[in-house]
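Residue-level structural notes
Residues per chain, in single letters:
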Amino acid sequence: MQNEILELYKLIQNKNIEKAYSITKKHYSNNKNNKDIIKILAYLHIQKTQYDAAIRVLNEFYNDNSEEKDFDYFINMGVCHKANEDYEKSLMMYEQAIKINPDSHMCYTVPAEIYLKLRDFKKAMEFLDTALDKMKIIGEETINFPNTIKLKTEVYVALNKDKENENMLLEILKGKFHPDIFYLLSIVNSKLIDDALLDTAERQLEEYDKKYENKLDRFWYVHPLYFGLAIFYNQRNKQKSEKFYELGNKEIMSSLRYNSFEYQTDIVNIMDSYSKNFLDKKQIIDETEGGSNFFILGTPRSGTTLIESFIASNNEVTSGGELLSARNLISDFVKNLNNQSTEEFMEHFRRTYLNRTDFLRGKHKNIVDKLPDNFLYIGFLFKLLPKTKIIRTFRDPWDVAVSMFKQRYVTNIPYSASFFNIGVFMANFEAINVFWNKILEEKNDLLDIRYEELVEDPENHQKKIYEFLNINSDFDESRRKSFFSQTASIRQIGSNIHKKSVKKEEFLAHKNEFFESIHMQRGYWEKRGIVSKNSDFFGYKLS
């Protein structure tokens, strides 16, 4: 068996994850008590983002062999629980890992992410500094180094330590050029990129473009340089900036297997599942559930982060950021992955989601979940959490498209890499929201906000939002300006609210393609009777 295990390690080292996974599953079916095979299978599940499967594999063995629990077990379980947003469980696993091997840098980065989520920024910084110190002892950079620096950048932003942040990034680039660090510097302060560093970045891009063909290698070396250079040139040479954005997004498109039309199938399934399982379902269990939970949702780049900063700038509400739990739990039910009855699912959702958000909420009265994608599940959320309140955002479709195209989302919002795909997405966004508007009898707990009106009159909108959410604490504008959000909007909240992002005049060569794709996809929903042919887009003209 040792030869087979060595062969699997070689496949993993060569990034041949799918082949390693297929072979490991076969070995596992005949060797369920082989700890090495179990560790490899769990690792591969994690690489494929199959966290529940990894937990099952580990528990099946270690529950009967608790004395075998070692460093790898606690690290892998910690990673899985963190990915599932079971942050309390994850921290417990890392505590055990530190006891076993306190000198491993692997013990500190993930807990730092969790403390960042808990908004304990000082503790997050302590863990990151420890992780980086442990990496230095090794004497070589690990694959986790860029991600650790990215996290430290975010903590510096949260602590309003811009100078320390800039100095750290410049010092790293002075010692050795890193594509991801260059990209981070472009976001933090592109004015610090001098001619010498710019020349290095452009030469490295040319070299990496020829050298790397593997998609994963290009993700690490080529993608960040395209977007970093695009950001650098944004205020200096618009034509050159747009060119780099287009090249960067072309790279993303070539490395992803994204089919925009699968999204429409998902939406049909969501509509059907709700109509079948929830439409006439009376509330069960406790009808007061969700009273401490708010949601902000809409398209990405539609003002959700700005609204989040309003809501969390008082003593009553904390922000959980963009939580995946609600979306993932409901999505699993719609796909029948768990084969649960509706009642079982409702109980499971409430127990799981509320436990996770209560941990993040801490001593605060309320918590806000700001995942834009939750617009897919508005009806579900009201049934599952009867006392919740939801704010839905809208923004001019073209402004949304341009803003999304200029973000390096890569995997979490894959449609953002193509104006055609963004257009298809916008038509699908319209369809599911029109569906919810027709289905929901009472809309007293749903507040719609248009981005353009928000930035035109932020003071009155702040008061309107607080009244809607029954927030009695005083709003603090200084807290809003210093509010930290772990999103693409990280550098945009600290300034005064402005109207510069209204009526964008960029990437105009793609504008017809964008609107044509909206109308094309809209035709599908017109045939299904969801949208009307001549209607506007929630008050916006589609032209």
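Figured I'd write up the structure that's included with this text. Note that the structure is predicted; figures quoted are calculated from it, not measured.

Burial runs high along strand β4 (residues 389-394): 6 of the 6 residues are buried. By the bridge criterion, 5 bridges tie strand β1 (residues 293-298) to β4 in an arrangement that is parallel. Of the residues in β4, the one forming a bridge with F295 is I390. When β4 meets strand β5 (residues 446-450), the two strands line up parallel, connected through 5 bridges. Each residue of the ladder has a partner; that of R392, found in β5, is D448.

The tally for this structure, following the rule as stated, stands at 50 aromatic pairs. Here F227 and Y245 contribute two aromatic rings whose centre-to-centre distance is 6.1 Å and whose plane-to-plane angle is 70°, an arrangement assigned as edge-to-face. One end of the pair, F227, is in helix α14 (residues 223-233); the other, Y245, is in helix α15 (residues 238-255), and 18 residues separate them in sequence. We classify Y245 as buried; its relative accessible area is 3%. A centroid spacing of 5.7 Å and a plane angle of 50° characterise the contact between F419 and F507, whose relative ring orientation is tilted. In this pair, F419 sits in helix α22 (residues 419-439) while F507 sits in the loop between α25 (477-481) and α26 (511-527), placing the two residues 88 residues apart along the sequence. Pair check on accessibility: F419 and F507 agree, each one buried. A cation over an aromatic ring shows up here: R408 above the ring of Y183, its NZ or CZ 5.2 Å from the ring centre. Its guanidinium or amino end placed over the ring of Y540, R450 lies 4.2 Å from that ring's centre, counting from NZ or CZ.

The next thing to look at is the nonpolar core. Residues F349 and F380 are the most contacted members of the largest nonpolar core, which totals 152 residues. In terms of residue count, α22 provides more of this core than any other element does, 11 residues in total. Leave out the neighbours within four places in its chain, and F349 touches A326, L329, I330, L354, L381, L384 and L385. Formed by 19 residues, the second largest nonpolar core is a distinct cluster that contains I296, V317, L454 and I471.

Here the focus is the sheet that holds β4. Taken together, 5 strands build an open sheet; the order of strands is β2-β3-β1-β4-β5 and the sheet is parallel. Lying at the two open borders of the sheet, with one neighbouring strand each, are β2 (317-321) and β5. The average undirected angle you get between the axes of adjacent strands in this sheet is 20°. Sheet strands touched by helix α17 (residues 304-311): β1, β2, β3 (366-369), β4 and β5. Its angle to β1, the strand with the most contacts, is close to 160°.

Here is what the cut-offs are and how they apply
- Residues numbered from 1 in each chain as written.
- Predicted model: local features only at pLDDT ≥ 70, side-chain atom pairs only at ≥ 80, totals over all residues.
- Heavy atoms only, no water.
- Buried < 20%, exposed > 50% of the residue type's maximum accessible area, 1.4 Å probe, protein only.
- Helix = DSSP H or I, 4+ residues; strand = E, 2+ residues; numbered from the N terminus.
- Pairing = 2+ DSSP bridges.
- Phe/Tyr/Trp six-rings, centres within 6.5 Å; stacked < 30°, edge-to-face > 60°.
- Lys NZ or Arg CZ within 6 Å of the ring centre and 35° of its normal.
- Core = buried A, V, L, I, M, F, W, Y, C linked by side-chain atoms within 4.5 Å.
- Contact = heavy atoms within 4.5 Å.
- Axes fitted to C-alpha atoms, helices over the stretch in contact; angles between N-to-C directions.

Honestly, that's just the spatial picture; any functional story needs more than this.
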